[in-house]
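Close look at the chain arrangement
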Amino acid sequence: MENSELELLKDKCLLYTQFIIQKLSTSPESIKGLENTYRQIQKAYEGKKIEPLKKLSAEIDEQLFKEMPLSMAIEFRNLIKEKLNINYEFIGEAHAKMLQRIIERKEIENDEQYKLVLSRVDQIFADADKSEELKSLNKLISNYESKF
């Protein structure tokens, strides 16, 4: 185990936790859990236990790729590139490819895709140049929601 890897994992996990705490500032219950996570990160680092930090780092990557709204994932990606020089370009590219497949297929097939399309709508709703894309995405959303 390299100290630099341990340090980078700690910094990534702490930065993510701080980012999410900032985003959830209106939800005190969620913040308490994240404060506990923050302490656990510090404890793992101080004990030179890399496995819990690797596990949390993988969970962060999973959040960025599958769960987090696109606009928020992009914001975190930019923050982590600036602060830690970690490049998450693949997330934006993967989201774009997945979104393109949904648009070409003209159908949202599951909740994960639904969240991705909603995130894209959130990202572009105020951009007048994206009005046609917005219309097609809203139609996809409407068709998916009508199934339920």
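As shown above, the structure is provided for reference.
Just so it is clear, the structure is predicted and the values come from calculations on it, not from any experiment. (Residues numbered from 1 in each chain as written. Predicted model: local features only at pLDDT ≥ 70, side-chain atom pairs only at ≥ 80, totals over all residues. Heavy atoms only, no water.)

Helices and strands together make up the secondary structure of the protein, namely seven helices and zero strands. Put simply, the protein runs from its N terminus to its C terminus through helices and strands in the order α-α-α-α-α-α-α. Principal-axis analysis of the C-alpha atoms places the extent of the protein at approximately 50 × 30 × 25 Å. In the protein, which comprises 148 residues, the proportion classed as buried is 34%. Expressed as a percentage of contacts within the protein between residues at least 6 apart in sequence, the contacts between residues at least 24 apart total 61%. Here the protein has roughly 9300 Å² of accessible surface; of this, 49% comes from carbon and sulfur atoms. (Helix = DSSP H or I, 4+ residues; strand = E, 2+ residues; numbered from the N terminus. Buried < 20%, exposed > 50% of the residue type's maximum accessible area, 1.4 Å probe, protein only. Contact = heavy atoms within 4.5 Å. Areas by Shrake-Rupley, 256 points an atom, 1.4 Å probe, with all protein chains shown as cover.)

Tracing the backbone through its elements, the reader meets Gln100 in helix α5 (residues 89–105). Distance in space between the C-alpha atoms of Gln100 and Tyr16 is 28 Å, their sequence separation being 84 residues.

Once that is clear, we can look at unusual backbone geometry. Even without being glycine, Asn85 reaches a positive phi, approximately 60°. Relative to the elements of secondary structure, Asn85 occurs in the loop between α4 (70–84) and α5. Judged by relative accessible area, Asn85 falls into the exposed class, the value being 61%. Even without a glycine there, the phi angle at Lys106 is positive, about 60°.

In this section: the packing of helix α1 (residues 3–23) against helix α2 (residues 28–46). Contact geometry of α1 with α2 gives a least axis separation of 10 Å together with a crossing angle of 170°. The angle between the axes of α1 and α2 places the two elements in the roughly antiparallel class. Where α1 abuts α2, its residues Leu6, Glu7, Lys10, Cys13, Leu14, Thr17, Gln18, Ile20 and Ile21 lie against Ile31, Leu34, Glu35, Thr37, Tyr38, Ile41, Gln42 and Tyr45. Of the residues that constitute the contact of α1 with α2, the class distribution is 10 nonpolar, four polar and three charged. (Axes fitted to C-alpha atoms, helices over the stretch in contact; angles between N-to-C directions. Parallel < 35°, antiparallel > 145°, perpendicular 65-115°, else oblique. Nonpolar A, V, L, I, M, F, W, Y, C, P; charged D, E, K, R; others polar.)

Judged by nonpolar contacts, the single largest core of 23 residues is most densely connected at Leu53, Ile60, Leu64, Phe76 and Ile80. At the level of elements, α1, α2, α3 (50–67) and α4 are the ones that each hand at least two residues to this core. Per-element tally for this core: the top contributor is α1, with eight residues. When neighbours within four sequence positions are excluded, Ile80 is seen to be in contact with Lys12, Leu15, Asn85, Ile86 and Tyr88. Grouped together as the second largest cluster of nonpolar side chains are 14 residues, Ile108, Tyr114, Val121 and Ile141 included. (Core = buried A, V, L, I, M, F, W, Y, C linked by side-chain atoms within 4.5 Å.)

Applying the stated criterion across every chain, the model contains four aromatic pairs. Centroid distance Tyr144 to Phe148: 5.2 Å. Interplanar angle 70°. Geometry classified as edge-to-face. Here the aromatic residues Tyr16, Phe19 and Phe76 are joined through ring pairs into a cluster of three or more. For the cation-ring pair, Lys10 lies above Tyr45, with the distance from its terminal atom to the ring centre recorded as 4.6 Å. (Phe/Tyr/Trp six-rings, centres within 6.5 Å; stacked < 30°, edge-to-face > 60°. Lys NZ or Arg CZ within 6 Å of the ring centre and 35° of its normal.)

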